[in-house]
Amino acid sequence: MIAGGGSAGCVAARRLIDAGHSVILLEAGGDDRHAAVYVPAGSAKLVGNAQYDWKYETEPDTSRNGRIDHWPSGKVLGGSGSINGMIYLRGNPADYDRWVRQGATGWSFPEVLPYFLRSERNENGASQYHSDKGPLGVANLRVTHPFNRLFIDACVAAGIPRNGDFNGAVQEGVGYYQATQWGGLRCSAARGYLRPIRDHKNLQLLKRAFVGRVRVRNGVAEAVEFNHYGVAKLARARREVLIAAGTIGSPKILMLSGIGPRAELEGRGIACVNDLPGVGRNLQEHPGIMLSYDVTMRTMNVEAHSRWRFALRALQFALLRRGPGTSPISHVGVFFRTRPGLAAFDAQIHFQPLGYEVTADKVLLAEANRVSLAINVSRPESRGSIRLRSPHPQDAPIIDHPLVGSDADVRALIDGARVMRNIFSSPALRDRVRKEYLPGEAVSTDEQWEAYVRAGAFAMYHPVGTCRMGAVDDPQSVVDPELRVKNIRQLRVIDAAVMPCLPSCNTNGVAMMIAERASAFVIGAK
């Protein structure tokens with residue numbers, strides 16, 4: 001039984017069905033078969049839309065002047081992989097070395113690479129680092145813009161190496177992202193993994209099935225309580241219960257089931273069946289800031305304001321599955337060092353040849369010719385938590401995370417922004433730039449930059465870590481290296497919540513790798 005039909009849940013359902021098992025897949029959201037989900041450019045209409053997004057809100061963030069954030073989470077089959085920006089990345093060996101040092105034995109890069117390969121169907125073909133046989137479509141961009149090449153060349157001129165494959169031998173450098181798409185359409189886990197088996201006799205898929213808690217008896221997970229279209233139901237597990245509700249949802253289900261910090265659970269009137277203080281702790285997120293520039297050439301946002309150009313691009317998508325309609329959230333990536341002397345890169349760029357007008361309550365496409373880039377810290381130090389608001393499953397949890405609570409993270413954002421500002425004022429781009437729109441050239445001192453970071457920093461939508469994997473004798477670990485919840489039999493967590501720390505990349509591909517490996521553990525279990 002799988003609680004959660006997001007990226008991890010769809011992967012696990014497919015692999016278990018392929019191995020001959022019967023699966024009940026419980027998804028709290030609705031169906032994914034909507035144009036807004038599968039047309040890549042439609043992602044702008046998904047985040048913040050209550051039909052597709054749980055629209056979680058954080059507690060006021062003391063590191064950012066008390067700001068309250070919206071944290072998206074997919075409320076649809078395929079989960080956040082059905083509403084995300086579709087960037088496909090894995091991170092690098094050093095990320096997984098950090099996992100191993102934190103007790104995740106057996107999760108080094110050579111040990112996880114086969115599961116990335118098992119997942120991937122890369123349009124560039126098979127190689128040492130890629131596969132062309134998996135369910136997950138990974139494709140090159142099907143949209144171009146001349147400023148992408150100009151930006152890449154300017155980064156290379158500034159000393160950042162050119163990189164043709166961020167998922168190859170080396171991650172550092174500048175180049176084009178690949179996206180989880182196939183044939184110009186989004187390829188979520190729901191499309192790539194689940195769709196081919198949706199009518200399989202061994203699969204029982206229930207949408208609008210909101211999981212409340214796992215019923216545990218004598219240290220064994222034996223059933224799942226859920227609400228299906230307003231009716232309370234119980235599903236018994238013949239073998240195992242796999243929790244795949246994501247970094248926010250998975251610890252919530254555990255705590256509602258009596259698994260978590262004893263004092264906190266009892267304070268909410270929940271009987272503690274397994275005192276695990278690490279449940280809901282170790283929350284991590286990539287903090288980012290935006291830079292944008294008004295430029296001398298027509299950008300994609302201006303084309304979107306032109307009715308005839310928009311119609312032309314819509315026709316291009318309809319006939320050829322190419323053009324702006326296929327655009328992921330970003331086109332060009334940069335993994336770079338924010339200052340000399342660092343042993344490894346410490347920041348990431350998402351660059352796109354379009355720009356926005358940002359107000360207090362909304363983000364709109366700008367009418368000016370504008371490009372923008374988001375800078376985020378690759379390995380942030382700040383940590384937060386997920387806690388129960390009440391013992392009622394329908395109540396959203398408390399998300400408490402000081403996004404820029406670490407001075408080192410603030411420093412990296414400032415230094416990274418200065419590197420990018422220097423690139424945009426360099427001879428390679430100077431003649432193409434009219435002015436810096438955000439944050440504006442008036443921001444120059446450390447104090448001004450810090451004020452900009454604390455006022456404008458945002459989450460990159462990569463939360464992980466709230467059911468941390470680690471050694472069994474580590475009091476803060478929640479699951480062991482085979483993803484089994486400590487002290488409870490027949491219960492695993494199989495999603496991004498188990499990551500000991502953030503990889504230096506977007507996290508959806510990594511979450512699917514974890515679910516691939518979890519499935520192998522289950523299939524091999526006696």
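Residues numbered from 1 in each chain as written. Predicted model: local features only at pLDDT ≥ 70, side-chain atom pairs only at ≥ 80, totals over all residues. Heavy atoms only, no water.

**Description of the sheet that holds strand 27 (residues 491-493)**
- With respect to topology, five strands assemble into an open sheet ordered 10-2-1-14-27, the strand pairing being parallel. The open sheet has two edge strands with one neighbour each: strand 10 (203-207) and strand 27.
- Of the strand pairs in this sheet, strand 1 (residues 2-3) and strand 2 (residues 23-27) are connected by two bridges, and their pairing is parallel. Following the sheet pairing, I2 is matched in strand 2 by L25.
- Packing of helix 1 (residues 7-18) onto the sheet brings it into contact with strand 1, strand 2, strand 10 and strand 14 (241-243), and relative to strand 2 it is tilted by some 165°. (Pairing = 2+ DSSP bridges. Helix = DSSP H or I, 4+ residues; strand = E, 2+ residues; numbered from the N terminus. Contact = heavy atoms within 4.5 Å. Axes fitted to C-alpha atoms, helices over the stretch in contact; angles between N-to-C directions.)

**Notes on the sheet that holds strand 13 (residues 231-236)**
- Across the sheet, which stays open at both edges, the three strands sit in the order 11-12-13 with antiparallel pairing between neighbours. Two strands bound the open sheet, and with one partner strand each, they are strand 11 (209-217) and strand 13. Direction aside, the axes of adjacent strands within the sheet are offset by 25° on average.
- Sheet topology places strand 11 next to strand 12 (residues 220-228); eight bridges connect them, and they run antiparallel. Pairing of V211 across the sheet is with F226, part of strand 12.

**Description of unusual backbone geometry**
- For the bond from L438 to P439, the omega torsion is 0°, close enough to zero to count as cis.
- Counting through the fold element by element, P439 comes out in the loop between strand 25 (433-438) and helix 12 (446-456).
- In this model, N65 sits at a positive phi of 60°, which is unusual for a non-glycine residue.
- Along the chain, the position of N65 falls in the loop between strand 3 (56-57) and strand 4 (70-71).

**Regarding the environment of R90**
- Its location among the elements puts R90 in the loop between strand 4 and helix 3 (93-101).
- Its relative accessible area of 1% is what places R90 among the buried residues.
- R90 sits 23 residues away from L113 along the chain, and the two C-alpha atoms are 9.2 Å apart.
- Setting aside residues up to four positions removed in sequence, R90 forms contacts with Y96, L113, F116, L117, E120, Y129, H130, N167, C505 and V510.
- Polar side-chain contacts of R90 include one of 2.7 Å to the side chain of E120. (Buried < 20%, exposed > 50% of the residue type's maximum accessible area, 1.4 Å probe, protein only. Polar contact = N/O pair within 3.5 Å; in protein donor to acceptor, adjacent residues only side chain to side chain.)

**Looking at the pattern of salt bridges**
- The final tally for this structure, using the stated rule, is 37 salt bridges.
- In this structure, the salt-bridge partner of R217 is E222, at a minimum N-O distance of 3.1 Å.
- Salt bridges here are not isolated pairs; linked through shared partners, they connect R14, R15, D18, R118 and E516. (Salt bridge = Lys/Arg side-chain N within 4 Å of Asp/Glu carboxyl O.)

**Quick look at the packing of aromatic side chains**
- According to the stated counting rule, one finds 15 aromatic pairs in the structure shown.
- Look at F147 and F351: their rings are 6.1 Å apart centre to centre, the planes differ by 25°, and that puts the pair in the stacked class. Of this pair, F147 sits in helix 5 (residues 146-157) while F351 sits in strand 19 (residues 347-352); the two residues are 204 residues apart in sequence, bridging distant segments of the chain. F351 carries the same exposure label as F147, and that label is buried. (Phe/Tyr/Trp six-rings, centres within 6.5 Å; stacked < 30°, edge-to-face > 60°.)

**What about helix 3?**
- Of all the positions in helix 3, only D95, Y96, R98 and W99 are classed as buried. What you see down the axis of helix 3 is that its buried residues fit within an arc of 145°, all on one side.
- Residues of helix 3 that are buried in the fold lie against helix 4 (109-119) and helix 13 (508-524).
- One side-chain oxygen of the residue at the start of helix 3 lies 3.0 Å from the amide nitrogen of A94, identifying that residue as N92. (Arc of directions from axis to C-beta.)

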